[in-house]
Amino acid sequence: MNEQSPHTPSRRKVLRTTAAAAGTGLGIGALGSVTAEAAAAAPAEAPSTAAAAPRRKGATMAGVPFAGRSTVRVGLIGLGNRGGSMIGLYLALPWVRVVAVCDPVREKAERAAAKVVAAGQPAPAVYTHGEDDYENLCARSDVDFVHVATPWDSHFPIARAAMLAGKHVGVECPVAMRLDELWELVDLSEQTRRHCMQLENCCYGRNEMRVLRMAHAGKFGRLLHGAGAYNHDLRALMFSPTYYEGPWRRRWHTQLRGDLYPNHGFGPVANYMDVNRGDRAVSISSFGTPALGLAEYREEHMPPGDPSWKESYIGSDRTISLVQTAKGRVIRLEHDVSTPHPYSRINSLGGTRGVFEDYPERIYLEPDHKDDRWGDFAAYAGEFDHWLWKEHANPPGGHGGMDYIMVYRLMQCMQLGLPPDFDVYDAATWTAPVPLSNASIKANGAPQEIPDFTRGEWRKARSGVDSVKPA
């Protein structure tokens, strides 16, 4: 263990701590505050329940480039469904080496190590000695970037350990589950000068990147509203005895009533609106339905005596949130993994010149379209597809290629010494609806202030996912 990295709690300990916090509002009393200027810019009076933002302990990480390097050395922690599927994408990049892998389940780690060897790279170090062995991976001197793909309760302690050990870190969604943890990740990133990024692959979807470029080109006029969601029927997977490593994801529905997974919907729309780059999310109001879907599914599919019968579900089957920005725009977020529903992230954007809606994709813009008839979104591909999708028209990997585009771009930024497309402030903002939706639902939908994690830097325009192709 690195002497600079204090011992972090095990997954079980963190889960117990998080569960206790869920019963007391997940540390909601420690909210950060909107600055006076942001409050003045908002069209409605911002909620006043938050304490002052903690004092900055280091310089901002906004726009800070990586130190360029010819080879990027990666360690992966968590090698189940998500981590196991991502390792091949790193191995597809000739300037990336996978030097270490970690998972408490030895078979998963060994399977990942075999993929590295099969790709022609040296055998990676393997860490399988308990739930805290990630600390030893993070302490290695030959790791530049740590990819975290573990159960949610362990995201925060692993990201914390990685930065304290001098590593940049990317974390699968959500980056943490508590507001005080989000602030600590922001502070640690600034103190250690290491980036902590939400690995939000949906920001790199082809449709999302095309809409982003169209929004920045003014095709939608002045932006007014957007919507994003994670509506994905996960009932069968959450009750499967083999898909997840234990019932950790289902059990979150016994602990927290709110939007458990806002990032896939929030991230892309925040990019369209330049949140943290000229606008910022000010407040959130959330409402939740009764929790009926999981219990109903259990009754129909699980045998008597199954451990799931001891669980009581409180998580709303559908959570709907409204986020207001400093410029008065409105973002609608939805979360539903407990009822029958075709997959949808909604992915909508509207402005004074028209609107885009996804699932199915359709667009209506003036003066291109008329007579209230939807237009062909594909007609905008040639002019507005992002250079990443033009350069990688048929990317490998899952989720329609967005996983590969995300990994390629992040590793490119590290190799060339560029700033990442998004940073710890985006990670904290996109994840804040987890605890804040819980607090708002408990308060009958009362608005909850979203902290200004940038501490005022959001007013400065800067680049993001709508990047320029490097020379």
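Everything that follows concerns the structure shown earlier in this document.
The following refers to the structure shown. (Residues numbered from 1 in each chain as written. Predicted model: local features only at pLDDT ≥ 70, side-chain atom pairs only at ≥ 80, totals over all residues. Heavy atoms only, no water.)

1. Some details on the overall build of the chain
Let me state the cut-off plainly: Numbering of helices and strands runs from the N terminus; a helix is a DSSP stretch of H or I covering at least four residues, while a strand is a stretch of E covering at least two. A 1.4 Å probe rolled over the protein chains alone gives each residue an accessible area, and that area as a share of the maximum for its type sets the label: buried under 20%, exposed over 50%, partly exposed in between. Two residues form a contact once any of their heavy atoms are found within 4.5 Å. Only the protein chains shown count as cover for residues, and the accessible areas themselves come from Shrake-Rupley with a 1.4 Å probe.
Check the secondary structure of the chain and you find 17 helices and 14 strands. Across the 471 residues that make up the chain, the buried fraction comes to 59%. Put simply, 77% of the contacts in the chain that link residues at least 6 apart link residues at least 24 apart. With the model as given, the accessible surface of the chain reaches about 18100 Å², and the carbon-plus-sulfur share is 52%.

2. Remarks on the layout of surface pockets
What counts is decided by this rule: With a 1 Å grid spanning the protein atoms alone, the term cavity applies to any set of points in which a 1.4 Å probe fits but cannot get out, the term pocket to an open set with protein on both sides within 12 Å along at least five of seven lines, and the term lining residue to any residue with an atom within 4 Å of a point. Grid points are joined across faces, edges and corners, and a volume is the space filled by probe spheres set on the points. Note on residue categories: nonpolar means Ala, Val, Leu, Ile, Met, Phe, Trp, Tyr, Cys or Pro, charged means Asp, Glu, Lys or Arg, and polar means any other residue, Gly included.
Reported here for the largest pocket is a volume of approximately 1200 Å³. Surrounding the largest pocket, 50 residues form its lining, Asn-81, Arg-82, Thr-150, Tyr-244 and Trp-248 being those nearest its centre. Elements supplying a minimum of two residues to the lining of the largest pocket: helix H1 (11-22), helix H3 (81-91), helix H10 (248-251) and helix H15 (402-416). Among the elements that take part in the lining of the largest pocket, H3 stands out by supplying six residues, more than any other. Residue composition of the lining of the largest pocket, grouped by class: 22 nonpolar, 15 polar and 13 charged. Along the walls of the second largest pocket sit 15 residues, with Phe-239, Ser-240, Pro-241, Pro-247 and Arg-250 positioned nearest its centre. Looking at the lining of the second largest pocket, the elements with two or more residues in it are helix H9 (235-239) and H10.

3. Side note on the packing of H3 against helix H4 (residues 106-118)
To be explicit about the condition: To obtain each axis, a line is fitted to C-alpha atoms, and for helices this fit is confined to the stretch in contact; angles are then taken between N-to-C directions over 0 to 180 degrees. Roughly parallel here means an angle under 35 degrees, roughly antiparallel means over 145, roughly perpendicular means 65 to 115, and every remaining angle is called oblique. In a left-handed crossing the near helix is turned counterclockwise from the far helix by less than a right angle, and in a right-handed crossing that turn is clockwise.
Running from amino to carboxyl end, H3 crosses H4 at an angle of 20 degrees, the nearest separation of the two axes being 10 Å. Regarding the angle of H3 to H4, the classification is roughly parallel. The element H3 and its partner H4 pack so that their crossing is right-handed. The segment H3 lies against H4, with Gly-84, Ile-87 and Leu-91 engaging Ala-112, Lys-115 and Val-116. Residues of the contact of H3 with H4, tallied by class, amount to four nonpolar, one polar and one charged.

4. Some details on the side chain of Asp-103
Going by this rule: By the criterion applied in these results, polar contacts are pairs of N or O atoms within 3.5 Å in which, for protein atoms, one can donate a hydrogen and the other can accept it, and in which residues neighboring in sequence qualify only through two side-chain atoms.
Summarising the element assignment, Asp-103 is placed in the loop between strand S2 (96-102) and H4. Looking at Asp-103, the relative accessible area reads 7%, which means it is buried. Side-chain polar atoms of Asp-103 contact the backbone nitrogen of Leu-79, separated by 2.8 Å. Within polar-contact distance, the side chain of Asp-103 engages the backbone nitrogen of Val-105 at 2.8 Å. In contact with Asp-103, other than residues within four places in its own chain, are Gly-78, Leu-79, Gly-80, Lys-108, Ala-109, Tyr-127 and Thr-128.

5. Here we look at helix H6 (residues 155-164)
Within H6, 10 of the 10 residues are buried, which leaves it mostly tucked inside the rest of the structure. Those residues of H6 lying buried are His-155, Phe-156, Pro-157, Ile-158, Ala-159, Arg-160, Ala-161, Ala-162, Met-163 and Leu-164. Downstream of H6 by one or two residues, Gly-166 has phi in the positive range, about 85 degrees.

6. Regarding the nonpolar core
This is how it is decided: Put simply, a nonpolar core is a bunch of buried Ala, Val, Leu, Ile, Met, Phe, Trp, Tyr and Cys residues held in one set by side-chain atoms that sit within 4.5 Å of each other.
Judged by nonpolar contacts, the single largest core of 105 residues is most densely connected at Phe-220 and Met-411. By residue number, the principal contributor to this core is H15, which donates nine residues. Contacts of Phe-220, omitting those with residues within four sequence positions, involve Val-211, Met-214, Ala-215, Leu-349, Gly-351, Thr-352, Arg-353, Gly-354, Val-355, Phe-356, Ile-363 and Leu-365. Listed in part, the 19 residues of the second largest apolar core include Tyr-230, Met-238, Met-302 and Val-434.

Note that every value here comes from positions in space, so none of it alone points to a role or purpose.
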